[in-house]
Amino acid sequence: MSKLCFIYPPKQMANQLYYSKKIWKIYSKNAIKLPSLALAYLAATMRNKGHEVMIIDANAMGWSNCDVIKKIWDEQPDYLCFSLITDTFQNSLESIRKIKSMCNKPVIVGGPHMSVYPKETMEYEELDYGVIGDGFETLPELIDKLDNDDFKGLRKVEGLVYYDRTNLVMTNPRNKRVNLDDVPFPARDLLPNDKYDIVLSKRKNVTVFLTALGCPYYCKYCCTDTKIVYRSPESIVDEIEECKKIGINEIDIYDETFTVNKDRVHKILDLIEERNIDILFSIRTRCDCVDKRLLERLADNGCVRVNFGIESASERVLRSIGRNMSKKTISDAIQWAKDAGIQVLGFFMIGLPGETEEEIKETLRFMRKLPLDFIQLNKFTYIPNSEIYRSVMKKYGRDYWKEYVEGKITLDEFPSFERTITEEKLNEYLEEGYHKFYFRVSYIWNKFISIKSFGEFWRLAKGALDLK
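Residues numbered from 1 in each chain as written. Predicted model: local features only at pLDDT ≥ 70, side-chain atom pairs only at ≥ 80, totals over all residues. Heavy atoms only, no water.

Engineer: Summarise the environment of Phe6; cite the residues concerned and give the values.
Structural biologist: One can find Phe6 in strand E1 (residues 3-8). Taking the relative accessible area as the measure of exposure, Phe6 reaches 0% and is therefore buried. (Helix = DSSP H or I, 4+ residues; strand = E, 2+ residues; numbered from the N terminus. Buried < 20%, exposed > 50% of the residue type's maximum accessible area, 1.4 Å probe, protein only.)

The following block contains the structure:
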């Protein structure tokens, strides 16, 4: 059996396209440090297969590439594994290049990026094998072939891309989507759990969590798989109990739309009640996927924050991006959450295609009018493989993300498609949005009287001072 090292590279920054330079620097300085579930899931999978595994989370540890290299020298793994996302691809590649040059171990890459740009990615000589799609079956099969020097057999491994001498090989796709109930829980025991932090968290230690894959809605700016795959309530609550056993007291559920199946959520809450689990958690969902009773039950069982995707105050803009939702639906959902005692964070975007300056102002006014505890305001950014980006590619005849992956352009060179205002003006509105929301006298006072610990006060105060 072999030894695999799963690596989360240093300094994984927020996508600079989402923010003005000032706001981006603040986000990068106070980066939220959370584990890579993809790496933790795969580490657990390979450990169950009998392999020796380790995880290096250089981002959480504050390590440099040199620190990673020293650890690899000390541990001598057989393979180095990385998970890639497109918007941080070049940063990750820089780390992989430095690590590979000093360690000379086979490099295996996977992650959502590989499903979009597999060929372009494998052009880099530092990368030896690419896993396309879920790696739960592909990675064990790949390692088995490599351990047995069965290089001809690699062509039979589905969901694989690699170079056979000078020929690029893409094997048949692995169409079957994994059932997360069939894979082991993430190997959180191998993670530096005390290093993870969310500025809004109320307890230590904190982790991220998945109860489903996919989202059934068809938002045009999103590339999430619309076929949703649920975990069973029993498996979910078993994993929560495992988290508690290793000292984790708060979880951030990263499902795209946690409450889309309300009956399932009620079953999860039933089990939390039955087992008397003391856990805090936050969720992400849509305003049209909650009701009063559900929010009350969530609050009673540890939900401390709901992150609602609101995006815009303009119903015209919302319809144009496939989010048919009224202002009343948004306002009602937020008020129900507040009445239940749950904090609410609203996600907003400005600079959407065809959005007018008045519609941007309308969104900023609506954002301040709503009884929100926190906001995250981004500049709209085209996501690879989204419907709206595919239409842009067709219209302009270029794939800018592909060119970025190939190293032909930087993120600074991305054009602003079909915006009605300049980039400079959009940045002004972005910074104005943050300042006018967080520096209202009423907001500051309400936050001050609601803070329950010095740690919570310090995290919020530090974030606010950085915005000044």
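Having seen the model, we can carry on.
Engineer: A description of the pattern of salt bridges should follow, citing residues and the corresponding values.
Structural biologist: Summed over all chains, the structure comprises 36 salt bridges. Note that Lys100 and Asp128 form a salt bridge whose closest N and O atoms lie 2.6 Å from each other. Note that Lys100 is positioned in helix H5 (residues 89-103) and Asp128 in the loop between helix H6 (118-121) and strand E5 (129-131), a separation of 28 residues in sequence. A residue is classified by how much of its surface remains accessible, and Lys100, at 14% relative accessible area, is buried. The structure contains a network of salt bridges with shared partners spanning Lys3, Glu52, Lys71 and Glu75. (Salt bridge = Lys/Arg side-chain N within 4 Å of Asp/Glu carboxyl O.)

Engineer: How would you sum up the side chain of Thr381? Please name residues and give values.
Structural biologist: Among the secondary structure elements, Thr381 is positioned in the loop between strand E15 (374-379) and helix H14 (387-396). Of the polar contacts made by the side chain of Thr381, one reaches the backbone oxygen of Lys379; its length is 3.2 Å. If sequence neighbours within four positions are ignored, Thr381 has contacts with Asn15, Leu17 and Tyr18. (Polar contact = N/O pair within 3.5 Å; in protein donor to acceptor, adjacent residues only side chain to side chain. Contact = heavy atoms within 4.5 Å.)

Engineer: Describe the sheet that holds E5, listing the residues and the values that go with them.
Structural biologist: With respect to topology, 7 strands assemble into an open sheet ordered E2-E1-E3-E4-E5-E6-E7, the strand pairing being mixed. Here the strands that pair on one side only, and so sit at the sheet edges, are strand E2 (52-57) and strand E7 (167-170). Averaged over all neighbouring strand pairs, the angle between strand axes comes to 20°, with direction disregarded. As judged from the 4 bridges shared by strand E3 (residues 79-83) and strand E4 (residues 107-110), these two strands associate in the parallel manner. Within E4, the position partnered with Phe82 by the bridge is Val109. On the sheet, helix H2 (residues 37-48) packs against E1, E2 and E3 and is oriented at approximately 175° with respect to E1. (Pairing = 2+ DSSP bridges. Axes fitted to C-alpha atoms, helices over the stretch in contact; angles between N-to-C directions.)

Engineer: Describe the sheet that holds strand E11 (residues 250-253), listing the residues and the values that go with them.
Structural biologist: Taken in spatial order, the 6 strands line up as E8-E11-E12-E13-E14-E15 in an open sheet, and their pairing is parallel. Bordering the open sheet on either side are strand E8 (206-209) and E15, each of which pairs with just one other strand. Here the average twist between neighbouring strands, direction ignored, is 20°. Bridging between strand E14 (residues 343-350) and E15 involves 6 bridges; their strand directions are parallel.

Engineer: Can you lay out the state of the cysteines for me, pointing to particular residues and giving the numbers?
Structural biologist: Overall, the coordinates contain 0 disulfides when judged by the stated rule. The thiol of Cys219 is unpaired, and the distance to the nearest cysteine sulfur, on Cys222, comes to 6.3 Å. Cys219 sits in the buried class, given a relative accessible area of 12%. The cysteine Cys287 is free of any disulfide, with Cys289 supplying the nearest cysteine sulfur at 9.2 Å. (Disulfide = S-S within 2.5 Å.)

Engineer: Could you give an account of the packing of aromatic side chains, with specific residues and numbers?
Structural biologist: Going through the model one piece at a time under the given rule, you end up with 11 aromatic pairs. Ring centres of Tyr129 and Tyr162 lie 6.0 Å apart, and the angle between their planes is 45°; this geometry places the pair in the tilted category. Of this pair, Tyr129 sits in strand E5 while Tyr162 sits in strand E6 (residues 160-164); the two residues are 33 residues apart in sequence, bridging distant segments of the chain. Assigned by exposure class, Tyr129 and Tyr162 land together as buried. Here the aromatic rings of Tyr400 and Phe414 are separated by 6.3 Å at their centres, their planes lie at 50°, and the arrangement is tilted. Here Phe414 lies in the loop between helix H15 (400-405) and helix H16 (423-438) and Tyr400 lies in helix H15, a separation of 14 residues in the sequence. Aromatic ring contacts, followed pair by pair, group Tyr400, Trp401, Tyr404 and Phe414 into a single cluster. One Lys or Arg, Arg284, reaches over the ring of Tyr254 and ends 4.1 Å from the middle of that ring. Its end group placed over the ring of Tyr429, Lys425 keeps NZ or CZ at 5.2 Å from the ring centre. (Phe/Tyr/Trp six-rings, centres within 6.5 Å; stacked < 30°, edge-to-face > 60°. Lys NZ or Arg CZ within 6 Å of the ring centre and 35° of its normal.)

Engineer: Got a sec to walk through unusual backbone geometry? Specific residues and values, please.
Structural biologist: Glycine aside, negative phi is the norm for most residues, and most peptide bonds take the trans geometry. Here the residue pair Lys204 and Asn205 is connected by a cis peptide bond, since its omega of -5° sits within 30 degrees of zero. A positive phi angle, close to 60°, is found at Arg165, a residue other than glycine. Relative to the elements of secondary structure, Arg165 occurs in the loop between E6 and E7. Looking at Arg165, the relative accessible area reads 76%, which means it is exposed. One non-glycine residue, Asn385, lies in positive phi territory at about 75°. Looking at where Asn385 falls in the secondary structure, it is placed in the loop between E15 and H14. Of the residues examined, Asn385 reaches a relative accessible area of 41% and is grouped as partly exposed.

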